[in-house]
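As a plain string of letters, each chain reads:
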Amino acid sequence: MNSPSTPSSTPEIVCVGESMVLITPTDAGLADAQATLGLAGAEANVSVGVAASGHRAAWASRLGADPMGDRITSELERRGVELWVERDEDSPTGVMFKDPGVETSTVYYYRRGSAASLMEPGFLASSRLEGVRIVHTTGITPALSASCREMTDRLFIDARTAGALVSFDVNDRRQLWSREDAAETLARLADAADVAFVGRDEAERIWGTVSPAEIRAFLPNCGLLVVKDGDVGATAFEGESEPVFVPAPVVEVVEPVGAGDSFASGFLSATLDGDDLATRLSAGHAAAERVLTIAADLPPLVPRG
């Protein structure tokens, strides 16, 4: 097993979580179509979006020492993301199949026993995170395994010890764990975060909270809570200040998967820029729009220069 490479410079944000090879049909359903290979992973998606905005971003995880892992690392490097990655000779890189739809997409995971699911507490020590401004992860990571859940708890502590803000996207994945486990763990982590993102619909599904105000009341200790409500808009709650709402732009949706990650990347990039809340929400919407209009999780790569 290889150890994570040493970074040449300190990134502004480190995103921690699993990435998989993504197989997507090009012109029909999975059963009948030709397919393309890409990558899928909420945290990697965020790192790509932040890097595209001009900030230094790293993605930290574990991958198999296999061609799928090679494909993921080459694509992320091509998009300007720094890699803090362990390669595992014995455990594979996960694979995900997607059957796209306008309203929703069906996904099929082949990730059990993956290299990323073997992340353990202390995967990123506080000394490694010194100088990083934001550490970002999602609710997918603690759902992968017991050791990943423990790692996520420790990550919150180590990030704060290093002086970084903790960003957490609830990102509930129903296929990965029970509703009971998800409800307790996701609430605990979101409430403990410095910045938390949650979809109004997923909050209703797992916690029974219906409105953004109810979600805020349910998560009172989160420093900055962003509630996304699809094509309605997004509301930010920070401290005792009045909530800030920015409506979503009108978009002709091709496929919705990846839009939430792009929203987080836009919001966090604007946070690194020091923008106000309304500007950060608008940046989140703009980033999500770029992904909603295509069938991939990541926008096309725009040459720099």
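In case you missed it, the structure is sitting above this.
Our subject in this report is the structure included herewith.

Cut-offs and rules
- Residues numbered from 1 in each chain as written.
- Predicted model: local features only at pLDDT ≥ 70, side-chain atom pairs only at ≥ 80, totals over all residues.
- Heavy atoms only, no water.
- Helix = DSSP H or I, 4+ residues; strand = E, 2+ residues; numbered from the N terminus.
- Contact = heavy atoms within 4.5 Å.
- Areas by Shrake-Rupley, 256 points an atom, 1.4 Å probe, with all protein chains shown as cover.
- Salt bridge = Lys/Arg side-chain N within 4 Å of Asp/Glu carboxyl O.
- Buried < 20%, exposed > 50% of the residue type's maximum accessible area, 1.4 Å probe, protein only.
- Pairing = 2+ DSSP bridges.
- Axes fitted to C-alpha atoms, helices over the stretch in contact; angles between N-to-C directions.
- Phe/Tyr/Trp six-rings, centres within 6.5 Å; stacked < 30°, edge-to-face > 60°.
- Parallel < 35°, antiparallel > 145°, perpendicular 65-115°, else oblique.
- Left-handed = near helix turned anticlockwise from the far one by under 90°.
- Nonpolar A, V, L, I, M, F, W, Y, C, P; charged D, E, K, R; others polar.

Description of the overall build of the protein
- Scanning the protein for helices and strands turns up 9 helices and 13 strands.
- When contacts within the protein are restricted to residue pairs at least 6 apart in sequence, those whose partners lie at least 24 apart make up 70%.
- As displayed, the protein offers around 13,000 Å² of accessible surface, 51% of which is attributable to carbon and sulfur atoms.

Some remarks on the pattern of salt bridges
- The tally for this structure, following the rule as stated, stands at 16 salt bridges.
- Among the ionic pairs, R111 bridges to E18, the shortest N-O distance being 2.9 Å. Residue R111 is found in the loop between β7 (106–110) and β8 (134–138), and its partner E18 is found in the loop between β1 (13–16) and β2 (20–25); the two are separated by 93 residues along the sequence. Take R111 and E18: they sit in the same class, and that class is buried.
- Note that E75 and R79 form a salt bridge whose closest N and O atoms lie 2.7 Å from each other. Each member of the pair, E75 together with R79, is buried.

Let's talk about the sheet that holds β7
- Pairing is mixed in the open sheet, where 4 strands are placed in the order β3-β2-β6-β7. Only two strands of the sheet have a single partner each, and these edge strands are β3 (35–40) and β7. Ignoring which end each strand starts from, the neighbouring axes of this sheet average 25° apart.
- Bridge count between β2 and strand β6 (residues 95–99): 3 bridges; the pairing is parallel.

Considering unusual backbone geometry
- A positive phi angle, close to 45°, is found at N171, a residue other than glycine.
- Mapping N171 onto the fold places it in the loop between β9 (165–169) and α5 (179–192).
- Looking at N171, the relative accessible area reads 8%, which means it is buried.

A look at the packing of aromatic side chains
- Per the counting criterion, the structure on display carries 6 aromatic pairs.
- Aromatic pair F197 and F263: ring centres 6.4 Å apart, planes at 80°, arrangement edge-to-face. Highlighted residues: F197 in strand β10 (residues 195–199) and F263 in helix α8 (residues 259–272), separated in sequence by 66 residues.
- Overall, the relative accessible area of 0% leaves F197 in the buried class.
- When its relative accessible area of 4% is taken as the criterion, F263 is described as buried.
- Judged by centre distance (6.5 Å) and plane angle (15°), the rings of F263 and F267 are stacked.

Some details on the packing of helix α1 (residues 42–52) against α8
- With their axes 8 Å apart at the nearest point, α1 and α8 run at an angle of 45° to one another. When the axes of α1 and α8 are compared, the pair comes out oblique. Crossing hand, α1 versus α8: right-handed. Contact with α1, carried on its side by A42, N45, V46, G49 and V50, involves D261, A264, S265, L268, S269 and L272 of α8 and no other residues of that element.
- Tallied by class, residues from the contact of α1 with α8 come to 6 nonpolar, 4 polar and 1 charged.

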